[in-house]
Amino acid sequence: MRIARFSIDGNVAFGVVEGDELDIIKGHPFAEFERSGQKIPLDKVRLLPPVLPNKVVAIGRNYAEHAAELGNEVPEVPVTFFKPSTSVVGPGDPIAYPSFSSELHHEAELAVVIGRMCREVPRERVKDVILGYTCANDLTARDVQQREKQWARAKGFDTSCPLGPWIETGLEPADIAAGLGVQCTVNGDQRQLGSTADMVRPIEDLIVHITEAMTLLPGDVVLTGTPAGVGPLNVGDEVAVTIEGIGTLTNKVIKRG
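Within any chain, residue numbers begin from 1 and follow the written order of that chain's sequence. Owing to the predicted nature of the model, reporting of local features is limited to residues with pLDDT of at least 70; listing and counting of side-chain atom pairs is limited to 80 or more, with chain, interface and lining totals taken over all residues. The basis for every side-chain value is the complete set of heavy atoms in the structure, and neither hydrogens nor water enter the calculation.

Looking up the chain in an unreviewed UniProt entry gives the name 2-hydroxyhepta-2,4-diene-1,7-dioate isomerase, with the organism given as Streptomyces cinnamoneus.

Spelled out as structure tokens, the structure:
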């Protein structure tokens with residue numbers, strides 16, 4: 001199923017997406033829940049980030065062609081970094097071009113949403129700790145990343161982590177390994193087109209690696225890397241990330257006020 005987080009009339013709730021409607025659920029998706037039967041048209045609500053993560057753990061250079069396009073080798077172990085909770089925005093929310101950069105890049109990514117608290121997860125249990133998957137854009141101030149040699153400001157600025165439009169719970173790690181299309185367009189022009197089958201390391205390996213070091217909490221998000229084709233964004237651009245079997249996440253770049 002597809003689970004969305006939304007607001008209407010100042011109230012925030014979760015709902016199951018059914019065609020062009022939302023069936024409001026009782027409770028939240030990180031435990032057993034019931035559908036209320038109260039349905040609302042999708043065009044009457046504002047979709048929010050599908051989760052508010054305690055942390056976003058991201059993986060760098062997990063597609064060989066993307067590593068190569070920036071002049072990097074595929075790392076021997078996964079490159080991990082954090083994006084703060086304040087970087088997260090939802091579908092339709094503006095991306096504020098960072099004032100300290102002149103080279104903002106898009107990076108279309110599959111995001112894993114964690115469904116339960118977990119630590120030291122064995123490979124065979126990884127699917128049990130995943131609630132579902134959503135689309136992400138790992139926005140990067142590329143000039144700052146190259147200049148500062150570490151990625152906290154370059155990838156952690158406000159609005160640098162759009163997520164959405166909802167969580168798809170009907171996928172398994174095996175589906176990811178078999179290959180889902182990952183696409184990014186800017187103003188309707190295709191920039192990135194790849195497949196999750198080309199990940200250097202699969203979902204299971206990433207979760208095992210991360211949880212060896214830290215506890216993941218319900219609602220935490222893992223970004224799994226981006227395929228080749230990353231490139232610049234300008235104020236006024238509309239950028240869309242589409243992942244096969246999930247949906248499309250669209251945001252517009254604005255000047256930071």
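1. What about the pattern of salt bridges?
Note that side chains of opposite charge can pair when their charged atoms are close. Formally: Just to be clear on terms, a salt bridge is a Lys or Arg side-chain nitrogen sitting within 4 Å of an Asp or Glu carboxyl oxygen. Three labels apply to residues, based on accessible area from a 1.4 Å probe with only protein chains included: buried if under 20% of the type maximum, exposed if over 50%, partly exposed otherwise in between.
Scanning the entire structure with this criterion turns up 13 salt bridges. Among the ionic pairs, Arg-119 bridges to Glu-120, the shortest N-O distance being 3.7 Å. Here Arg-119 and Glu-120 have matching classes, each one exposed. Asp-128 is paired through a salt bridge with Arg-125; the nearest N and O atoms lie 2.6 Å apart. Judged by its relative accessible area of 30%, Asp-128 falls in the partly exposed class. In the salt-bridge network here, residues are joined through shared partners; they are Lys-83, Glu-107, Asp-138, Arg-142 and Lys-155.

2. Considering the environment of Val-221
This is how it is decided: Starting at the N terminus, helices and strands are each numbered in turn, a helix being any DSSP run of H or I of at least four residues and a strand any DSSP run of E of at least two. By definition, residues are in contact when any of their heavy atoms lie within 4.5 Å.
Counting through the fold element by element, Val-221 comes out in strand β17 (residues 221-223). The class of Val-221 is buried, set by a relative accessible area of 0%. C-alpha separation for the pair Val-221 and Lys-44, spaced 177 residues apart in sequence, amounts to 27 Å. Discounting chain neighbours no more than four positions away, the residues touching Val-221 are Val-51, Pro-53, Lys-55, Val-56, Val-57, Ala-111, Val-112 and Leu-163.

3. Topic: the packing of aromatic side chains
In plain terms, the rule: Ring pairs shown here join Phe, Tyr and Trp side chains whose ring centres sit within 6.5 Å, with only the six-membered ring taken for Trp; geometry is labelled stacked below 30 degrees between planes, edge-to-face above 60, and tilted in between. The rule is short: NZ of Lys or CZ of Arg within 6 Å of the ring centre and within 35 degrees of the ring normal puts a charge over the ring.
Per the counting criterion, the structure on display carries two aromatic pairs. Ring geometry for Phe-100 versus Phe-157: centroids 6.3 Å apart, planes at 80°, classification edge-to-face. Of the two residues, Phe-100 sits in the loop between β9 (95-97) and β10 (104-106) while Phe-157 sits in the loop between α3 (152-156) and β14 (161-168), which places them 57 residues apart along the sequence. For Phe-100, a relative accessible area of 25% corresponds to the partly exposed category. Exposure remark for Phe-157: the relative accessible area of 6% places this residue in the buried category. Positioned above the aromatic ring of Phe-100 is the side chain of Arg-153, whose terminal nitrogen or guanidinium carbon lies 4.6 Å from the ring centre. Positioned over the ring face of Trp-151 is Lys-155, at 5.7 Å from the centre of the ring.

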